[in-house]
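Okay, here's what each chain looks like letter by letter:
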Amino acid sequence: MLRGAALRVTRPRLAVLTAVHAHPHADTDSIFEAVRQELPKVSQQAVYDVLRALSAAGLVRRIQPSGSVARYESRVGDNHHHVVCRSCGAIADVDCSVGEAPCLTASDDQGFSIDEAEVIYWGVCPECVSALATS
Ligand SMILES: [Zn+2]
Ligand SMILES: [Zn+2]
């Protein structure tokens, strides 16, 4: 993947990419922790820098629902959306409803050439629903 994006293959890049694959929607801290298991001497700054490079190269996607820290995932390029739990912040993937961007047609495009609609569905996750029901 790194070579395909013309990025030099380095151990931190490999470790970050592996961590993002293994933990979809993980935040920077969790990715840092996972990378440190493999590369104990890696710095937080190095992990930040790698995440930025991988996002810029399109190998990882950065999402940031309001009220949440930035999160990263390796599922890119399929225009999928996210559903976020208002109660615990859990995030799950929701496939694009039409299969390609932009998923939604703007009622008025204001003359813009629109190529993407980013949708976040908000609600309550199954765990929180049952916790609410039993409390
Ligand atoms: Zn929840
Ligand atoms: Zn996702």
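Check the entry above for the structure.
Residues numbered from 1 in each chain as written. Chains lettered and ligands numbered in written order. Predicted model: local features only at pLDDT ≥ 70, side-chain atom pairs only at ≥ 80, totals over all residues. Heavy atoms only, no water.

1. Focus on the coordination of the zinc ion (ligand 2)
Listed as protein donors to the zinc ion (ligand 2) are His25 (NE2), Glu73 (OE), His80 (NE2), His82 (NE2) and Asp93 (OD); their distances from the metal cover 1.8 to 2.3 Å. All donors of the zinc ion (ligand 2) belong to a single chain; written as a sequence motif, their spacing is H-x47-E-x6-H-x1-H-x10-D. Taken as a pair, His25 in the loop between α1 (11-22) and β1 (26-27) and His82 in strand β4 (residues 81-85) lie far apart in primary sequence, 57 residues in all. Just as His25 is buried, His82 falls in that class too. (Donors = N, O, S within 2.8 Å, 3.2 Å for Na, K, Ca; no water. Helix = DSSP H or I, 4+ residues; strand = E, 2+ residues; numbered from the N terminus. Buried < 20%, exposed > 50% of the residue type's maximum accessible area, 1.4 Å probe, protein only.)

2. Notes on the sheet that holds strand β6 (residues 120-123)
Read across the sheet, 3 strands follow the order β5-β4-β6 without closing on themselves; strand pairing throughout is mixed. Because the sheet does not close on itself, it has two edges, and the strands there are β5 (91-94) and β6. The mean angle between the axes of side-by-side strands here comes to 25 degrees, regardless of whether they run parallel or antiparallel. (Pairing = 2+ DSSP bridges. Axes fitted to C-alpha atoms, helices over the stretch in contact; angles between N-to-C directions.)

3. Topic: the coordination of the zinc ion (ligand 1)
Every protein donor of the zinc ion (ligand 1) is accounted for by Cys85 (SG), Cys88 (SG), Cys125 (SG) and Cys128 (SG), and the metal-donor separations fall at 2.2 to 2.3 Å. Taken together, the 4 donor atoms surrounding the zinc ion (ligand 1) define angles of 103 to 112 degrees at the centre, an arrangement classified as tetrahedral. Within one chain, the residues donating to the zinc ion (ligand 1) are spaced in sequence as C-x2-C-x36-C-x2-C. In this pair, Cys88 is assigned in the loop between β4 and β5 and Cys125 in the loop between β6 and α4 (126-134), connecting sequence segments 37 residues apart. (Tetrahedral: all angles 85-135°; square planar, octahedral: opposite > 155°, others 65-115°.)

4. Concerning the pattern of salt bridges
Applying the stated rule across the entire model yields 6 salt bridges. Salt-bridge contacts for Asp49 lead to Arg52; the nearest nitrogen and oxygen are separated by 3.7 Å. One end of the pair, Asp49, and the other, Arg52, are both in helix α3 (residues 44-56), 3 residues apart, so they sit about a helical turn from each other. By relative accessible area, Asp49 is classed as partly exposed at 35%. In this structure, the salt-bridge partner of Arg61 is Glu73, at a minimum N-O distance of 3.6 Å. (Salt bridge = Lys/Arg side-chain N within 4 Å of Asp/Glu carboxyl O.)

5. Here's the deal with the pairing of β4
Of all the 5 residues making up β4, 4 are buried; the element is thus mostly covered by neighbouring parts of the structure. Looking at chain direction, β4 and β5 are connected through 4 bridges and run antiparallel. Note that in β5 the partner of Val83 across the bridge is Ala92. Turn length for the β4-β5 hairpin, with the two strands adjacent in sequence and antiparallel, is 5 residues, and the turn residue Gly89 shows positive phi of about 85 degrees. For β4 and β6, the ladder comprises 4 bridges, and the chain directions are parallel. When the bridges of β6 are listed, Val83 appears paired with Tyr121.

Everything listed here is a matter of coordinates, which is why it stays silent on function.
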